[in-house]
Amino acid sequence: MSEVTIYHNPACGTSRNTLALLRHAGIEPTVIEYLKTPPTREQMREIATATGQPLRALLREKGTPYAELDLGNSKWTDDELLDFIAQYPILMNRPIVATALGTKLCRPSEEVLEILPVGKIAPFTKEDGEPIEDTGARRTR
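Chemist: How should I be thinking about the overall build of the chain in this particular structure?
Modeler: The secondary structure content of the chain amounts to 3 helices and 6 strands. Reading the chain from its N end, one meets helices and strands in the order β-α-β-α-α-β-β-β-β. Against the compact-globule benchmark of 14 Å for 141 residues, the chain has a radius of gyration of 15 Å, which places it among compact chains. Seen along its three principal axes, the alpha-carbon backbone of the chain occupies a region of about 45 × 30 × 25 Å. When the 141 residues of the chain are sorted by exposure, 45% land in the buried category. Pairs at least 24 residues apart make up 57% of the contacts formed inside the chain by residues separated by at least 6 positions. Of the accessible surface of the chain, which amounts to about 7,200 Å², a share of 50% is contributed by carbon and sulfur atoms.

Dropping the structure here:
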């Protein structure tokens, strides 16, 4: 099976559900607790590029210094935003999952289904009791 990586925060319910969903699918991913081992500036740039989203779309506002740093202001360049993420890794939204089918910010956790490198999986129940039904639809490269 191809390698799967999750940028994970165990304190985050969405991140825990995504990791559990990967394991439910029979995948044991490489787990990077990005608050303990933050990606480098270049790795963060590569992650953003791989998602196809602007770097700004991967910033987390809630529970971070986002507002105090005025990061909603469009004056900040991507290089400056990368500096902020390097200084405050909590600014990186999570979970981000990378598979052979793509890289994606998985909020909500069932967004990971699109990039699972396996066929349709059995129903899954999130921590809060919400059921997840996999249609088997996957992204194509």
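Chemist: Hey, could you run me through the pattern of salt bridges in this one?
Modeler: Going through the model one piece at a time under the given rule, you end up with 13 salt bridges. The shortest N-O distance in the salt bridge between Asp83 and Arg41 comes to 2.7 Å. Residue Asp83 is located in helix H3 (residues 78-87), and its partner Arg41 is located in helix H2 (residues 41-51); the two are separated by 42 residues in the primary sequence. For Arg138, the salt bridge goes to Asp134, with nearest N and O atoms at 2.8 Å. One salt-bridge network, held together by shared partners, links Arg41, Glu42, Arg45, Asp79 and Asp83.

Chemist: I'm lost on the packing of aromatic side chains in this one. Help?
Modeler: Working definition: an aromatic ring pair is given by the centre-to-centre distance plus the angle between the planes. Applying the stated criterion across every chain yields a total of 1 aromatic pair. Measuring from ring centre to ring centre gives 4.9 Å for Trp76 and Phe84, while their planes differ by 85 degrees; the resulting arrangement is edge-to-face. Its relative accessible area of 14% is what places Phe84 among the buried residues. It is Lys75 that lies over the ring of Trp76; its NZ or CZ is 4.6 Å from the centre.

Cut-offs used in this document
Residues numbered from 1 in each chain as written. Predicted model: local features only at pLDDT ≥ 70, side-chain atom pairs only at ≥ 80, totals over all residues. Heavy atoms only, no water. Helix = DSSP H or I, 4+ residues; strand = E, 2+ residues; numbered from the N terminus. Rg over C-alpha atoms; globule rule 2.2 N^0.38 Å. Buried < 20%, exposed > 50% of the residue type's maximum accessible area, 1.4 Å probe, protein only. Contact = heavy atoms within 4.5 Å. Areas by Shrake-Rupley, 256 points an atom, 1.4 Å probe, with all protein chains shown as cover. Salt bridge = Lys/Arg side-chain N within 4 Å of Asp/Glu carboxyl O. Phe/Tyr/Trp six-rings, centres within 6.5 Å; stacked < 30°, edge-to-face > 60°. Lys NZ or Arg CZ within 6 Å of the ring centre and 35° of its normal.

Treat this as a map of the structure, not an account of what it does.
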